[in-house]
There are 2 protein chains.
Amino acid sequence: MNINRNYLNLQDSYLFARIAKSVNEFKAQNPDKKVISLGIGDVTLPLSKSVIAALSAATLEMGNAETFKGYGDYEGYAFLRKAFCDYYAGKGLTLELDEIFVSDGAKSDVGNMLDIFSEDNTVLIPDPVYPVYVDTNIMAGRNIVYMDANDGNSFKPLPDKNVKADIIYLCSPNNPTGAVYNKAELALWVEYALENDAVILFDSAYEAFVCDKSLPTSIYQIDRAEQCAIEFCSLSKTAGFTGTRCGFTIIPKALTRSGESLNRLWLRRQSTKFNGVPYIIQRGAEAVFSPEGLAEARASVAYYMDNARVIADTLTKLGIEFTGGHNAPYVWLKCPDGLSSWEFFDKLLTKMNIVGTPGAGFGKNGEGNFRLSAFGNRDNVAEAMKRLEENL
Amino acid sequence: MNINRNYLNLQDSYLFARIAKSVNEFKAQNPDKKVISLGIGDVTLPLSKSVIAALSAATLEMGNAETFKGYGDYEGYAFLRKAFCDYYAGKGLTLELDEIFVSDGAKSDVGNMLDIFSEDNTVLIPDPVYPVYVDTNIMAGRNIVYMDANDGNSFKPLPDKNVKADIIYLCSPNNPTGAVYNKAELALWVEYALENDAVILFDSAYEAFVCDKSLPTSIYQIDRAEQCAIEFCSLSKTAGFTGTRCGFTIIPKALTRSGESLNRLWLRRQSTKFNGVPYIIQRGAEAVFSPEGLAEARASVAYYMDNARVIADTLTKLGIEFTGGHNAPYVWLKCPDGLSSWEFFDKLLTKMNIVGTPGAGFGKNGEGNFRLSAFGNRDNVAEAMKRLEENL
């Protein structure tokens, strides 16, 4: 019996678990302090009225033999995939129902998608990056090539013709940096992927935060992306579903590799290792895409983007450099006074009782940077910014 | 770019997807026929009153900022793991909270658990078997050794000292055969696993259907199993959660391989590739373990076991041999008249408008056998049995 020894190459503990541990220890030792989290990126606004109404109605259906639902389709109920298609039609994009897979969140599908690719593929990952992209590939023992995201390229690395990669991770608007690719930049990536027979795994979890209408909110707004990209979508931030768990994965039928349809391979994966998202939750997700639900979701996004503005204004006043905060719910700042990112984490936690996310947790280029999230409630964000102004 | 070519070694379509396709085609061509499904093993009774009340209350919590829940613990809320601990205490077993992982169903965890094991492990799988065990290992390219389950061993294969295996799948009460291991038989498997440094993946999804109190309902009722077994538990059949999605996986802290804690490796896997079960669903699951919830679940199980008795009585009357139907919700019968199992499937579907599951879909030893499930509603089961009596 051997375990998967690739796991031993992982860093000791997943970033957010390590943060949670530090915070819990601090709280236990300082029960009187009010700790404000601008850290993990969890939302704070409750589910909207439309969603609650739909969840409640679906719950009652499950209590009645006439309307009870057992196993659903592995790829999700057609009613929900239809609602999601309509949402994409609003972006000017036409999807077929069987190009959409309902998921229990983008994180699961981003990780599990690797099942359908060979382990000898080379993976291209930006640094800094959402740790899940890295860790899931370390677990499979894949060769990882990093591309630097830094001040020099405004945290938006572009293809390097000298680098050969098979799987490319892009996240735009970006977590953690808040950077957003424009259409011309994404077109370079599509061109690179097509030339290299590569597949782009495009994480669009933050698309709802794009305010500038010239910026893309889906990679399929780029010509020929349907031949080289899989897109991961989430209701976590768009509609407050972090604890409710629903997302979507798009695999166009035009996307083939080694002569095989990736859509068909993924359906096989999901029908074998997944049994779908709860019916109740799928009804709640459907309500997000109703006219009322969309208006409510937009109001939540606007609330968080106002938080981002408050954070950005404070940092500007303090003379701290940052990116993000526009078209993205994350603000990515340079740690003041030459502190390392974990030192700044400790200073914020112990002196100001604010939780943020150390840039080093996102990769080597993250060192010296720090992520603040705009998902707090308004009063907490304002109080946290007051503490920053008083202490920095 | 290479795909995972192991996928090309899979049979064309997952068993239940193939059945669904046949049934949908038949229904489209015969819209006037009333098709009764005793096939996929989906439940028909609605969620119980306690569960609905808990789901409804939790939904309202999610609509209020004060009680809203975002990301939960990767391993599930403590309140639910505590409820599950108490349930196991009722079996005379002591579990610690951090030995329990809340899942979105046993199927997901049975499949994903393989991530933590090396791909060069040899896997021992009974035949016939739940196809997920086989397909998930084919996807990873593992060497599979089959053990025959047949009339000769009452569909309960026992260890063969000449066979070396690293990972062993056991399911008791068994899907598809309805066979149930006794404690002495399971003790032989624990002994074999310990001698071979192997790990048993024990699927106890049907434990609630065991009526005979001398039979084990958890592998941990066998001495030293905590050193060699992972147990997968589900609310799908126990409490009608097939469309609600919640289960539990137990990895004892005493279980180490290659000097590593499998519990710790799994936590790492889940915190990287999973974001937990919806809060609302976890509250619903908690209610299953309340005194009222347990009484309701027991009543559902009794209802289904009465169905099993009706099916068993009919087969006895028709002189058709079968196993299962006692201590298990499945009846596993010999196809009459020498028909193959897909021929019998077609005959049942087209002549009697009954859907069952062909034994061949569960492996070579399944050929000539057929699975009927007791999860239908009473009237449908009675009508299906009437059709059988008239046509066989």
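Residues numbered from 1 in each chain as written. Chains lettered and ligands numbered in written order. Predicted model: local features only at pLDDT ≥ 70, side-chain atom pairs only at ≥ 80, totals over all residues. Heavy atoms only, no water.

**Some points on the interface of chain A and chain B**
When the parts come together, some accessible area is lost, and that loss is often what is quoted as the size of the interface. To be explicit about the condition: Whether two residues are in contact is decided by their heavy atoms: any pair within 4.5 Å suffices. Here the quantity called buried area is the accessible surface, traced with a 1.4 Å probe, that two parts lose on coming together, added over both. Within this document, salt bridges are pairs made up of a side-chain nitrogen of Lys or Arg and a carboxyl oxygen of Asp or Glu, the two lying within 4 Å of each other.
With 81 residues of chain A at the interface, the matching set in chain B holds 81 residues. When chain A packs against chain B, the two sides together hide about 6,700 Å² of surface, and 57% of this comes from carbon and sulfur. By the criterion of area lost to chain B, the three top residues of chain A are Met1(A), Tyr71(A) and Arg268(A), representing 14% of everything that side buries. We note a salt bridge from Asp135(A) to Arg268(B), for which the minimum N-O separation is 3.4 Å.

**Structural notes on the confidence of the model for chain A**
Predicted coordinates in regions of low pLDDT should not be interpreted in detail. Threshold: Confidence of the prediction at every residue is given by pLDDT, a number between 0 and 100.
Chain-level pLDDT for chain A is 96 on average; 99% of the residues reach the 70-or-more range. Overall fold confidence for the complex sits at a pTM of 0.96, while the interface term, ipTM, reaches 0.95.

**Details of the relation of the copies chain A and chain B**
Cut-off, in case you're wondering: We superpose the copies by least squares over the C-alpha atoms of residues that have a pLDDT of at least 70 in both of them.
The operation relating chain A to chain B is a screw motion whose rotation component is 180°, with 0.0 Å of axial translation and a residual RMSD of 0.0 Å. Read as a symmetry element, the transformation amounts to a two-fold axis. Distance from the rotation axis, computed per C-alpha, reaches its smallest value in chain A at Ser56(A): 3.0 Å. Same-surface contact between copies: 100% of interface residues of chain A are shared with the interface of chain B.

**Points about the sheet that holds strand β14 (residues 357-358) of chain A**
All names here are of chain A. For the record, the criterion: Paired strands are those between which DSSP finds at least two bridges. Secondary structure is summarised from DSSP: a helix means a run of H or I of at least four residues, a strand means a run of E of at least two, and numbering begins at the N terminus for each.
Ordered in space as β11-β12-β15-β14, the 4 strands form an open sheet in which the pairing is antiparallel. Both edges of this open sheet fall to β11 (322-324) and β14, since each of them pairs with a single strand only. As paired elements, strand β12 (residues 330-334) and strand β15 (residues 369-373) share 5 bridges and run antiparallel to each other. Along β15, the bridge assignment pairs Leu333 with Phe370.

**Examining the pairing of strand β15 (residues 369-373) of chain B**
Residues and elements named next belong to chain B. For clarity, the threshold we go by: Classification of residues uses two cut-offs on accessible area relative to the type maximum, computed with a 1.4 Å probe and protein chains only: under 20% is buried, over 50% is exposed, and between them is partly exposed.
Burial analysis of β15 places 5 of its 5 residues in the buried class, the great majority of the element. Side chains Asn369, Arg371 and Ser373 project from β15 onto one buried face, and the interleaved Phe370 and Leu372 project onto a second face that is buried too. Of the pairings in the sheet, the one linking strand β14 (residues 357-358) to β15 comprises 2 bridges and is antiparallel in character. Among the inter-strand pairings, Thr357 is bridged to a residue of β15, identified as Arg371.

**Examining the packing of aromatic side chains**
As a reminder of what qualifies: The rule is short: rings of Phe, Tyr and Trp, with Trp giving its six-membered ring, pair when the centres are within 6.5 Å, and they are stacked under 30 degrees, edge-to-face over 60, tilted in between.
Taken as a whole, this structure holds 44 aromatic pairs over all chains when the rule is applied. Geometrically, the ring pair formed by Trp332(A) and Phe362(A) is edge-to-face, given 6.0 Å between the ring centres and 70° between the ring planes. Within this pair, whereas Trp332(A) is found in strand β12, its partner Phe362(A) is found in the loop between β14 and β15, the two being separated by 30 residues in sequence. A ring pair is formed by Tyr133(B) and Tyr169(B), whose centres lie 4.7 Å apart and whose planes are at 20°; its orientation type is stacked. Of this pair, Tyr133(B) sits in helix α5 (residues 131-139) while Tyr169(B) sits in strand β5 (residues 167-171), and the two are 36 residues apart along the sequence.

**Some details on the environment of Leu47(A)**
Tracing the backbone shows Leu47(A) in the loop between β1 (36-37) and α2 (49-62). Residue classification places Leu47(A) among the buried positions, given a relative accessible area of 3%. Residues Leu47(A) and Gln11(A) lie 36 residues apart in sequence; the distance between their C-alpha atoms is 35 Å. Sequence-distant contacts of Leu47(A), that is, excluding residues within four places in its chain, are made with Ile52(A), Leu55(A), Ala239(A), Gly240(A), Phe241(A), Thr244(A), Met62(B), Gly63(B) and Phe68(B).

**Comments concerning the pattern of salt bridges**
Pairs can form between side chains of opposite charge once their charged atoms are near each other. All names here are of chain A. Scanning all chains against the criterion turns up 48 salt bridges over all chains. Salt-bridge contacts for Lys253 lead to Glu96; the nearest nitrogen and oxygen are separated by 2.9 Å. With a gap of 157 residues between them, Lys253 in the loop between β8 (247-250) and β9 (256-257) and Glu96 in the loop between α3 (78-89) and β2 (100-103) connect regions that are remote in the sequence. Residue Lys253 is classed as partly exposed on the basis of its relative accessible area, which comes to 36%. For the salt bridge of Glu191 with Lys161, the shortest nitrogen-to-oxygen distance reads 3.9 Å. Placement of Glu191 in helix α6 (residues 183-195) and of Lys161 in the loop between β4 (143-148) and β5 (167-171) is noted, with a sequence separation of 30 residues between them. Relative accessible area serves as the criterion here: at 33%, Glu191 is assigned to the partly exposed category. A single salt-bridge network, built from bridges that share partners, covers Lys34, Glu383 and Arg387.

**Quick notes on helix α3 (residues 78-89) of chain B**
Residues and elements named next belong to chain B. Heads up, the condition is: By definition here, a helix of n residues has an expected span of 1.5 Å times n minus one.
Taking 1.5 Å per residue as the helical rise, α3 with its 12 residues ought to reach 16 Å, and the 16 Å between its terminal C-alpha atoms agrees with that figure. Looking only at α3, the buried set comprises Phe79, Leu80, Arg81, Ala83, Phe84, Cys85 and Tyr88. On its buried side, α3 packs onto β2 (100-103), β7 (229-234), β8 (247-250) and α8 (279-288).

**Here we look at the sheet that holds β14(B)**
Residue and element names in this part refer to chain B. Filter applied, for reference: For helices, the fitted axis covers only the stretch in contact; all axes are lines through C-alpha atoms, and the angles between them, taken along N-to-C directions, range from 0 to 180 degrees.
Strand order across the open sheet formed by 4 strands is β11-β12-β15-β14, with antiparallel pairing between neighbours. One side of each edge strand has no neighbouring strand; the edge strands of this open sheet are β11 (322-324) and β14. Relative to strand β12 (residues 330-334), helix α9 (residues 291-318) is tilted by about 15°, and along the sheet it contacts β11, β12 and β15.

**Considering a negative patch on the surface**
What counts here: The patch calculation keeps residues exceeding 30% relative accessible area without a salt bridge and links them within 9 Å when they carry like charges or within 5 Å when they are nonpolar (Val, Leu, Ile, Met, Phe, Trp, Tyr). For accessible areas, the Shrake-Rupley method is used with a probe of radius 1.4 Å. Any residue's cover is judged against the shown protein chains and nothing else. Charged residues are defined narrowly, with Lys and Arg counted positive, Asp and Glu counted negative, and His plus the chain ends left uncounted. Working definition for charges: the position is that of NZ of Lys, CZ of Arg, CG of Asp or CD of Glu.
A cluster of acidic side chains, namely Glu119(A), Asp120(A), Glu119(B) and Asp120(B), defines a negative patch on the protein surface. Tracing the backbone through its elements, the reader meets Glu119(B) in the loop between α4 (106-112) and β3 (122-127).

**Some details on the nonpolar core**
For clarity, the threshold we go by: By nonpolar core we mean a set of buried residues, namely Ala, Val, Leu, Ile, Met, Phe, Trp, Tyr and Cys, connected to one another through side-chain atoms within 4.5 Å.
Judged by nonpolar contacts, the single largest core of 198 residues is most densely connected at Ile200(A) and Ile200(B). What Ile200(A) contacts, discounting residues up to four positions off in sequence, is Ile168(A), Leu170(A), Trp189(A), Val190(A), Ala193(A), Ile219(A), Cys228(A), Ala229(A) and Ile230(A).

**Thoughts on unusual backbone geometry**
All names here are of chain A. Cis geometry is adopted by the peptide bond preceding Pro128, which originates at Asp127 and carries an omega value of 5°. Looking at where Pro128 falls in the secondary structure, it is placed in the loop between β3 (122-127) and α5 (131-139). Here Arg224, not a glycine, exhibits a phi torsion of approximately 70°, which is positive. Residue position: Arg224 is located in the loop between β6 (199-203) and β7 (229-234). We note that Asn353 has phi near 55°; this positive angle belongs to a residue other than glycine. One can find Asn353 in the loop between α10 (341-352) and β13 (354-355).

**Thoughts on the pairing of β8(A)**
Residues and elements named next belong to chain A. Residues Gly247 and Thr249 line one face of β8 and the alternating positions Phe248 and Ile250 line the opposite face, and both faces are buried. As defined by bridge partners, β2 adjoins β8 across 4 bridges and the pair is classed as antiparallel. Within β8, the position partnered with Val102 by the bridge is Phe248. As paired elements, β7 and β8 share 4 bridges and run antiparallel to each other. Looking across to β8, one finds that Ser234 is bridged to Gly247.

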